[in-house]
Every structure is written in structure tokens, then in C-alpha cells.
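# Fold and contact review
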Amino acid sequence: ERLLASIRQGTRSTRELLVIDLRTGTRALMNKVGGGGFTEYEGCRLVFGGVENVHSVRDAWRAMGAAVAAVVDGEVGAWLKDVADSRWYDYLGALLRCSLMAVREVYEHRSSVLMHCSDGWDRTSQSVSLAALCLDASHRTRVGFLRLVQRDF
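Residues numbered from 1 in each chain as written. Predicted model: local features only at pLDDT ≥ 70, side-chain atom pairs only at ≥ 80, totals over all residues. Heavy atoms only, no water.

### Structural notes on helix α3 (residues 54-69)
- With 16 residues, α3 ought to run about 22 Å at 1.5 Å a step, and its terminal C-alpha atoms sit 22 Å apart, in line with that.
- Turning to α3, its buried residues number three or more, namely V57, A60, M64 and A67. Relative to the axis of α3, the buried residues are bounded by an arc of 80° and lie together on one face. Relative to its buried face, α3 has exposed residues pointing more than 90 degrees away, namely R62 and A69.
- Of the surrounding elements, those touching the buried residues of α3 are α4 (79-86) and α5 (88-109). (Helix = DSSP H or I, 4+ residues; strand = E, 2+ residues; numbered from the N terminus. Expected span 1.5 Å × (residues − 1). Buried < 20%, exposed > 50% of the residue type's maximum accessible area, 1.4 Å probe, protein only. Arc of directions from axis to C-beta. Contact = heavy atoms within 4.5 Å.)

Structure, rendered in C-alpha cells:
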């Protein structure tokens, strides 16, 4: 709690600290029942990002790959249904929404953001890195991008 208070005070903002929990709200509640939980502290605004666990994302990636592999030139087939059913774009959209939320908070409100999930796997690094790419032009150079990848992955 003291760390979060220090982060809030460091920005000299009157806004609540935006805490983006990248998990779905349902998953976070399930973790709480199992002894885990989520960050709910005074002076913080908690938002769930809606990104499923690594197994769901992996399954979506495989389903998207299968949809691409099933394309036959000149035939419409089931492409649109297969892509929608894969949910791959849902996960990409959730990651982009979380990154955009962080970018807006930092850029427009000059406030800090705390992004996390229960286990710190790829979804955290992906969202934070996307936000960093948007906020800091140095990350959009070859050297800067390499440093970003080394830091977050």
C-alpha cells in the first residue's frame, strides 16, 4: 500500500492511480476465491483488461493458424466464421485497449499507471511494451526497440 501511495504522490496528480489488471474480471474473482486476489487499494482505480490466460490465447493462435491454412484461392469458404471463432482478434483488441488506456493516462493526464496480472506472463509485457512504443519515440528506433525487448521479454 505504501508503494502505491508513493507512486501516486510521485506524479503530483490528484487523479486516482490507474491499476490495469490485465486478466478478465471473472478470472480475477476466481483467483480471489482460490486465495489469490486483485489490487483494490484506496486512491486506486481498478480496471480489468479482459485478456484471457496463456492457454486460451495459445488456443486462439492455433485456431487462427488453422483458419489461415484452410483458405483456398477463389473460394470464400468459412474464412470469416473461422477467424471470428478463433477469438484471436479479441485478444489482440484487449491488449491494444489496455495499452491505449495506459497511454492516455500518462500522456493526457500526466499520471502513472500500474499494469499487472496474476502471474506476470506475456500479456503484461506485451501491453506495457506497446504503451512504451507509443509514448517514447526512442523505442521506435532499432536500438531502442532492442532495449525494450531486452527489458520486457
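### Some remarks on the environment of R110
- You can see R110 is positioned in the loop between α5 and β3 (113-116).
- What makes R110 exposed here is its relative accessible area of 57%.
- In this structure, the C-alpha to C-alpha distance between R110 and C98, residues twelve residues apart in sequence, is 17 Å.
- Other than its neighbours up to four places away in sequence, R110 contacts T11, S13 and E105.

### Some words on the pairing of strand β1 (residues 17-21)
- Among the five residues of β1, five are classified as buried, and the element is accordingly described as predominantly covered.
- Judged by which residues are buried, β1 turns out to be covered on both faces: L17, V19 and D21 on one side and L18 and I20 on the other are all buried.
- Taken together, the five bridges between β1 and strand β2 (residues 44-48) define a ladder with parallel strand orientation. Each residue of the ladder has a partner; that of L18, found in β2, is R45. (Pairing = 2+ DSSP bridges.)

### So, the packing of aromatic side chains
- Within this structure, the stated rule accounts for one aromatic pair.
- The ring of Y107 has R110 lying over it, and the distance from NZ or CZ to the ring centre is 5.4 Å. (Phe/Tyr/Trp six-rings, centres within 6.5 Å; stacked < 30°, edge-to-face > 60°. Lys NZ or Arg CZ within 6 Å of the ring centre and 35° of its normal.)

### A few points about the nonpolar core
- Counting residues in hydrophobic clusters, the biggest one holds ten residues: L18, I20, L22, V47, C98, A102, V103, M115, C117 and A131.
- Mapped by element, the contributors of at least two residues to this core are β1 and α5.
- Ranked by the residues each element gives to this core, the list is headed by α5, at three residues.
- When sequence neighbours within four positions are dropped, the list of residues in contact with C117 reads D21, L22, R23, R123 and T124.
- Residues V57, A60, M64 and V83 belong to the second largest nonpolar core, which totals seven residues. (Core = buried A, V, L, I, M, F, W, Y, C linked by side-chain atoms within 4.5 Å.)

### A short note on the pattern of salt bridges
- All told, the structure shown has seven salt bridges when counted by the stated rule.
- For D85, the salt bridge is made with K81, and the minimal N-O distance between the two is 2.5 Å. In this pair, D85 and K81 are both assigned in helix α4, four residues apart and thus about one turn of the helix distant.
- On the basis of relative accessible area, D85 is assigned to the partly exposed category, the value being 48%.
- Judged by its relative accessible area of 54%, K81 falls in the exposed class.
- Where R87 meets D90, a salt bridge forms, and the shortest distance between an N and an O atom there is 3.1 Å.
- According to the relative accessible area criterion, R87 is partly exposed, its value standing at 38%.
- Residue class for D90 comes out partly exposed when judged on its relative accessible area of 38%.
- If you follow the salt bridges from partner to partner, you end up with R15, R45 and E105 in one network. (Salt bridge = Lys/Arg side-chain N within 4 Å of Asp/Glu carboxyl O.)

Purely geometric numbers; function is a separate question.
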